[in-house]
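Here is what each chain is made of, one letter per residue.
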Amino acid sequence: MPDTTPRVPDFDADVPEDFDSPHAMFKDLRRRCPVAYSDAMGGFWAVTKYADIVRVLTDWQTFTTTIQNVVPRVATTQRRPPLHLDPPGNVPYRNAITRLMTPAKLKPWRPKIEKEVDQLLAPLLEKGEGDICRDFSFVLPIAVLADFFRLPDENARRIRIVGSEFNMALQRRDDENVRKYSDELYGIARDLIEDRKVHPQDPDVDPISSLLAVRIDGEALPDPMILGALRQFLMVGIVAPTTFIGSAVVHLARNAEHHTLLKKDNSLIPDAVEEMLRLYTPYRGFARTARRDVRLGDKLVRDGDVVAVVFTSGNRDEDVFENPEEFDLNRCKKDLLTFGRGPHMCPGAPLARLLLEVAIEGIVQRTRRIEIAGRMTMTNWPEYGPLAVPIRILR
Ligand code: HEM
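What this report covers is the structure whose coordinates are included nearby. Everything quoted here is computed from the prediction, not taken from an experiment.

1. Considerations on the site of the ligand
(1) Moving on: Surveying the vicinity of the ligand reveals 26 residues, the closest of which are Leu83, Arg94, Arg288, His344 and Cys346.
(2) Moving on: Within the contact set of the ligand, an oxygen atom lies 3.5 Å away from a backbone nitrogen or oxygen of Pro82.
(3) Moving on: Within the shell around the ligand, the residues separate by chemical class into 18 nonpolar, six polar and two charged.

2. Overview of the environment of Asp204
(1) Moving on: Within the element layout of this structure, Asp204 appears in the loop between helix 9 (175-198) and helix 10 (207-213).
(2) Moving on: The spatial distance from the C-alpha of Asp204 to the C-alpha of Lys105 is 8.7 Å, given a sequence separation of 99 residues.
(3) Moving on: Ignoring sequence-local partners within four residues, the contact set of Asp204 consists of Arg99, Leu100 and Lys105.
(4) Moving on: Within polar-contact distance, the side chain of Asp204 engages the side chain of Arg99 at 2.8 Å.

3. Things to note about the pattern of salt bridges
(1) Moving on: This structure, assessed with the given rule, holds 25 salt bridges.
(2) Moving on: A salt bridge links Arg32 to Asp28, with the nearest nitrogen and oxygen atoms 3.0 Å apart. You can see Arg32 and its partner Asp28 sitting in helix 1 (residues 21-32), four residues apart, about one turn around the helix.
(3) Moving on: For Asp28, a relative accessible area of 25% corresponds to the partly exposed category.
(4) Moving on: Among the ionic pairs, Arg291 bridges to Asp86, the shortest N-O distance being 2.9 Å. Of this pair, Arg291 sits in the loop between strand 7 (286-290) and strand 8 (294-296) while Asp86 sits in the loop between strand 3 (63-64) and helix 3 (91-98), placing them 205 residues apart in sequence.
(5) Moving on: When its relative accessible area of 43% is taken as the criterion, Arg291 is described as partly exposed.
(6) Moving on: Beyond isolated ion pairs, a larger network of salt bridges with shared partners links Asp28, Arg31 and Arg32.

4. Digging into the packing of helix 12 (residues 239-254) against helix 13 (residues 256-264)
(1) Moving on: At a minimum axis separation of 4 Å, helix 12 and helix 13 run at an interaxial angle of 105 degrees. Judged by the inter-axis angle, helix 12 sits roughly perpendicular to helix 13. Residue-level contacts link His251, Leu252, Ala253 and Arg254 of helix 12 to Ala256, His258, His259 and Leu262 of helix 13.
(2) Moving on: Class assignment for the residues of the contact of helix 12 with helix 13 results in four nonpolar, three polar and one charged.

5. Comments concerning the sheet that holds strand 2 (residues 44-47)
(1) Moving on: If you trace the five strands from one edge of the open sheet to the other, you get 1-2-10-7-3, paired in mixed fashion. Of all strands in the sheet, those bounded by a partner on one side alone are strand 1 (35-38) and strand 3.
(2) Moving on: Two elements, strand 2 and strand 10 (residues 306-309), share three bridges in a ladder whose sense is parallel. From the neighbouring strand, Val47 faces strand 10, where its bridge partner is Val309.

6. Focus on the packing of aromatic side chains
(1) Moving on: Applying the stated rule across the entire model yields twelve aromatic pairs.
(2) Moving on: Ring geometry for Phe19 against Tyr384: centres 5.9 Å apart, planes inclined by 50 degrees, an arrangement best described as tilted. Here Tyr384 lies in the loop between strand 12 (377-378) and strand 13 (386-388) and Phe19 lies in the segment before helix 1, a separation of 365 residues in the sequence. The same class applies to Phe19 and to Tyr384, which are both buried.
(3) Moving on: Ring centres of Tyr50 and Phe321 lie 6.0 Å apart, and the angle between their planes is 70 degrees; this geometry places the pair in the edge-to-face category. Taken as a pair, Tyr50 in helix 2 (residues 50-58) and Phe321 in the loop between helix 15 (311-314) and helix 16 (349-366) lie far apart in primary sequence, 271 residues in all.
(4) Moving on: Judged by its relative accessible area of 1%, Phe321 is buried.
(5) Moving on: Here Arg231 stacks its cationic end above the ring of Tyr186, 5.6 Å away from the centre of that ring.
(6) Moving on: Positioned above the aromatic ring of Trp381 is the side chain of Arg284, whose terminal nitrogen or guanidinium carbon lies 5.0 Å from the ring centre.

Analysis parameters
- Residues numbered from 1 in each chain as written.
- Predicted model: local features only at pLDDT ≥ 70, side-chain atom pairs only at ≥ 80, totals over all residues.
- Heavy atoms only, no water.
- Near = heavy atom within 4 Å.
- Polar contact = N/O pair within 3.5 Å; in protein donor to acceptor, adjacent residues only side chain to side chain.
- Nonpolar A, V, L, I, M, F, W, Y, C, P; charged D, E, K, R; others polar.
- Helix = DSSP H or I, 4+ residues; strand = E, 2+ residues; numbered from the N terminus.
- Contact = heavy atoms within 4.5 Å.
- Salt bridge = Lys/Arg side-chain N within 4 Å of Asp/Glu carboxyl O.
- Buried < 20%, exposed > 50% of the residue type's maximum accessible area, 1.4 Å probe, protein only.
- Axes fitted to C-alpha atoms, helices over the stretch in contact; angles between N-to-C directions.
- Parallel < 35°, antiparallel > 145°, perpendicular 65-115°, else oblique.
- Pairing = 2+ DSSP bridges.
- Phe/Tyr/Trp six-rings, centres within 6.5 Å; stacked < 30°, edge-to-face > 60°.
- Lys NZ or Arg CZ within 6 Å of the ring centre and 35° of its normal.

Printed below as a string of structure tokens:
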């Protein structure tokens, strides 16, 4: 007989948050209750320690991604590879992207992203004030990814609007609009696939042609799965850079000495971005579902339970990172959880790092000091970071 005793919640995941409160909550959970149950958002376990997170992500036979991959569950129901398939099903879809992420293939992207950063920063600098999220970080990742996926101008314009509406509907947990904009994203993806079938491009540069070129035992990938994969590629890389750039700017505003240091010495930017990716990890609520009863920490997770791997917490785990709350550029390199671990580890990480480095470098080089000039609005599960940061810029 399955055990159906009601669980006693260890914490409330559905509380209003500010920039610092999630970190305080996770610190408390790591100490008091590292695998913690909340009955919010349909009920789930939050796994907050680094080692437990790695275990969940690598033991994919026990913790499947085929049922629910984020907390809260997204209203749209279609399965989208690669994230919604356990290995080895996800591998061909990942490979279609990773082959485009080598240093040589990414080299031409630096000047393109620099140009985009320049154009977006110009009006903000001119006014001396604005909202770094609304005016910059909401727009930059969509622009870069539209370019990366070689969207024609008309589709790039559409995806900028639909992508950001979808993003906002997710944040508001507005299921009706999540479905509506998700359908529109499917429409854009469908048109692109049809276009590439008629006008094939080089699979060594074009991600869509790369997906279409995959063969398994001589067979192409099924059309609906190619569609689902492209729909996932178009969105999965947009949200995290959006909130992360907001967090990075809050950090620079709060720590003017770091701003000055990075402005003086550009070579510190990659390490600084890495340290900020640790401190302000933008994804916290990626999830798996247990396939059997299993002990995790001191808790019994039951067959069918949802388990959220809280990257934002694992990256500040005191057992792995000394003085985890400090920004330390000399921290000896440890593998972060920011981009996940195991069979679903982010295949877009090299492009994401490049985008973030160019964005942060652009901001510190063109400003002397940034001040927070109003109330921040924060995202919530499954992300971490601000959705609005009013700023004043001193040059
Ligand atoms: C700061 C930026 C980014 C962060 C923090 C991030 C983080 C992550 C994480 C944590 C996962 C693993 C999810 C899991 O195990 O459940 C993931 C998967 C994925 N990411 Fe990213 N990502 C970023 C940017 C991107 C970009 C730019 C792209 C595309 C070009 C991308 C494409 C993907 C894909 C396709 C997957 C699914 C891989 C699979 O299931 O095998 N990501 N990402």
